[in-house]
Amino acid sequence: MLSTLGPLAESAFALYLFGRNGDVAFHEWRRTVRAELGRDAARFTALSQQFRTLEEIPGAFCDAFTSGADPDQITPGEERGTRLLADLCRVAVLPHWNLIRGHLDGARESWGRVVIAHGVERLLSSLHPKVRWRAPVLEVRNGPHREVQLDGRGLQLCPSFFLSEQSCAFVPAVGKDAVPVLVFPVKMSSRGDIWGTPEHDEQALGALVGHTRAAALEALREGCSTGELAERLGISLAGASKHAAVLRRSGLVTTSRNRNTALHALTPLGTALLRHSGTDRLPVRSPFPIPFPAQRVRSLPLKPVGPGANREVV
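Residues numbered from 1 in each chain as written. Predicted model: local features only at pLDDT ≥ 70, side-chain atom pairs only at ≥ 80, totals over all residues. Heavy atoms only, no water.

1. So, the side chain of Glu10
Put simply, the rule is: To qualify as a helix, a DSSP run of H or I must reach at least 4 residues; to qualify as a strand, a run of E must reach at least 2; elements of each kind are numbered from the N terminus. Here the term buried applies to any residue with accessible area under 20% of the maximum for its type, exposed to any over 50%, and partly exposed to those in between, with areas from a 1.4 Å probe on protein chains only. Contacts are residue-level and defined by heavy atoms, with any inter-residue pair within 4.5 Å sufficient.
By secondary structure assignment, the location of Glu10 is in helix H1 (residues 7-18). A residue is classified by how much of its surface remains accessible, and Glu10, at 3% relative accessible area, is buried. Discounting residues that sit within four places of it in the chain, Glu10 has contacts with Thr4, Trp97, Leu104, Pro159, Ser160, Phe161 and Phe162.

Here it is as structure tokens:
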């Protein structure tokens, strides 16, 4: 799994979004970029609308889909479309790249924890609603009908910041080894932070105080579903869903949905909070620093040790 195919590849997906107004999560980004581009915005809108489907993007910008491709390496002799893409990258992607890269690194770490805890099949079954694992075939629905034989090359997985949440993309060959890549969108409630919208929900942060949510953060270190979170904490399904929602609004957890299952994982901020609080040093056999729920504690008789000692403690 990769963290990113680089800013130019992200710019290619950003170009496709730029000429379409359907994804609410990117409205503020479009408005900001159009203002910065001024009259040149019309050129990028026209270029974007030349592509009828997302599947056309990787083929049109082959050079952009080289891992780590740098827009400054694009020379005046390149095709006009590639030069325009590099120009868009400098205005629309690079100013935010450090934050974007942080989100992508966090997504890679979160999915890596899913693999460690639950295996590759769980990962492949949870990436995106359009992706389905039916061993030994990985199906991607609603795309062009074709069959790709890996022939030992393997398959790289890569999150993308500028893919719409309803989309995923297959890139037939990336890099000198021509390895195919399945690109899927990052789902995160905090994406708006980069466009200048409020970074924190103060009410959610205020509600964060308490042992149970600290334990929920620890339980989500490896990523899990709402049902698994409820089981680990010994609370109801509704309670686990509520705690996950508060953590998500606080920017500590990200949630992805695949059919009827919600899978929660820590964001880089959530991971940093755990590390700062020292919970990563807890004993492996005692991962949850909270008392058992009251309904699970029973009265324990104490052995008499003297006059009046025949009592019970709860």
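After presenting the structure, the write-up continues.
2. Looking at the packing of H1 against helix H3 (residues 41-48)
Stated formally: Helix axes use the C-alpha atoms of the stretch in contact, all axes being lines fitted to C-alpha atoms, and the angles between their N-to-C directions lie in the range 0 to 180 degrees. By the definition adopted for this analysis, an angle is roughly parallel if under 35 degrees, roughly antiparallel if over 145, roughly perpendicular if from 65 to 115, and oblique otherwise. Polar here means any residue outside two lists: the nonpolar Ala, Val, Leu, Ile, Met, Phe, Trp, Tyr, Cys and Pro, and the charged Asp, Glu, Lys and Arg; Gly therefore counts as polar.
With their axes 7 Å apart at the nearest point, H1 and H3 run at an angle of 95° to one another. Taken together, the axis directions place H1 and H3 in an arrangement best described as roughly perpendicular. Facing H1, whose interface residues are Leu15, Tyr16 and Phe18, H3 presents Ala41, Phe44, Thr45, Leu47 and Ser48. For the contact of H1 with H3, the class distribution of residues is six nonpolar, two polar and no charged.

3. A look at the nonpolar core
The criterion, for reference: Here, nonpolar core means buried Ala, Val, Leu, Ile, Met, Phe, Trp, Tyr and Cys residues that are tied together by side-chain atoms lying within 4.5 Å of each other.
Of all hydrophobic cores here, the largest spans 45 residues; its most connected members are Leu5, Phe13, Trp29, Ile57, Phe61, Phe65 and Phe162. At the level of elements, H1, helix H2 (27-37), H3, helix H5 (80-93), helix H6 (97-118), strand E4 (169-174) and strand E5 (179-185) are the ones that each hand at least two residues to this core. No other element matches H1, which puts nine residues into this core. Leaving out residues up to four positions away in the same chain, Phe65 has contacts with Leu5, Ala9, Ala12, Phe13, Ile57, Pro58, Val171, Ala173, Val174 and Gly175.

4. Regarding the sheet that holds strand E6 (residues 224-225)
In plain terms, the rule: Only when DSSP finds a minimum of two bridges between them are two strands counted as paired.
The strand order across the open sheet formed by three strands is E6-E8-E7, and the pairing between neighbours is antiparallel. Edge positions in the sheet fall to E6 and strand E7 (253-258), since each of these pairs with one other strand and no more.

5. Some words on the packing of aromatic side chains
Here is the rule: The aromatic pairing rule takes the rings of Phe, Tyr and Trp, using the six-membered ring of Trp, and pairs them if the centres are within 6.5 Å, calling planes under 30 degrees apart stacked, those over 60 edge-to-face and the rest tilted. Counting as a charge over the ring demands two things of the Lys NZ or Arg CZ atom: a distance within 6 Å of the ring centre and an angle within 35 degrees of the ring normal.
Evaluation of the coordinates by the stated rule reveals seven aromatic pairs. Consider the rings of Trp111 and Phe184, whose centres lie 6.1 Å apart with planes at 90°: the pair is edge-to-face. Note that Trp111 is positioned in helix H6 and Phe184 in strand E5, a separation of 73 residues in sequence. What makes Trp111 buried here is its relative accessible area of 10%. The class of Phe184 is buried, set by a relative accessible area of 2%. Sitting above the plane of the Tyr16 ring, Arg20 keeps its charged end 3.8 Å from the centroid. Over the aromatic face of Phe18 sits the side chain of Arg34, whose NZ or CZ is 5.2 Å from the ring centroid.

6. Considering the pairing of strand E1 (residues 131-134)
Note: E1 against strand E2 (residues 137-140), four bridges, orientation antiparallel. Across the sheet, residue Arg132 finds its bridge partner in E2, namely Glu139. The turn joining E1 and E2, which pair antiparallel and follow one another in sequence, is formed by two residues.

7. A closer look at the sheet that holds E4
Spatially, E3-E5-E4 is the arrangement adopted by the three strands of the open sheet, whose pairing is mixed. Each end of this open sheet is capped by a strand with a single partner; those strands are strand E3 (156-160) and E4. Geometrically, the sheet is characterised by an average inter-axis angle of 30° between neighbouring strands, direction not taken into account.

8. Topic: a nonpolar patch on the surface
Stated formally: The patches described consist of residues with a relative accessible area above 30% and no salt bridge, like charges being joined within 9 Å and nonpolar side chains (Val, Leu, Ile, Met, Phe, Trp, Tyr) within 5 Å. In these tables, accessible area is a Shrake-Rupley quantity obtained with a 1.4 Å probe, and a residue counts as shielded only by the protein chains included in the view. We count a salt bridge whenever a side-chain nitrogen from Lys or Arg sits within 4 Å of a carboxyl oxygen from Asp or Glu.
Residues Val148, Leu150 and Leu155 make up a contiguous nonpolar surface patch of about 190 Å² in total accessible area. Residue placement: Val148 occurs in the loop between E2 and E3.

9. Section: the confidence of the model for the protein chain
The criterion, for reference: Confidence of the prediction at every residue is given by pLDDT, a number between 0 and 100.
For the protein chain, the average pLDDT comes to 76, and 76% of its residues sit at 70 or higher. Contacts for the low-pLDDT stretch residues 197-202, under 50 throughout, to residues beyond four places or in other chains number six contacts.

10. Remarks on the packing of helix H9 (residues 211-219) against helix H10 (residues 226-233)
The cut-off we apply is this: Helix crossings get a hand from a simple test, with the near helix turned counterclockwise from the far one by less than a right angle marking a left-handed crossing and a clockwise turn marking a right-handed one.
At a closest axis distance of 10 Å, the pairing of H9 and H10 adopts a crossing angle of 125°. Taken together, the axes of H9 and H10 lie oblique to each other. Handedness of the crossing formed by H9 with H10: right-handed. Contact with H9, carried on its side by Thr212, Ala215, Ala216 and Ala219, involves Leu229, Arg232 and Leu233 of H10 and no other residues of that element.

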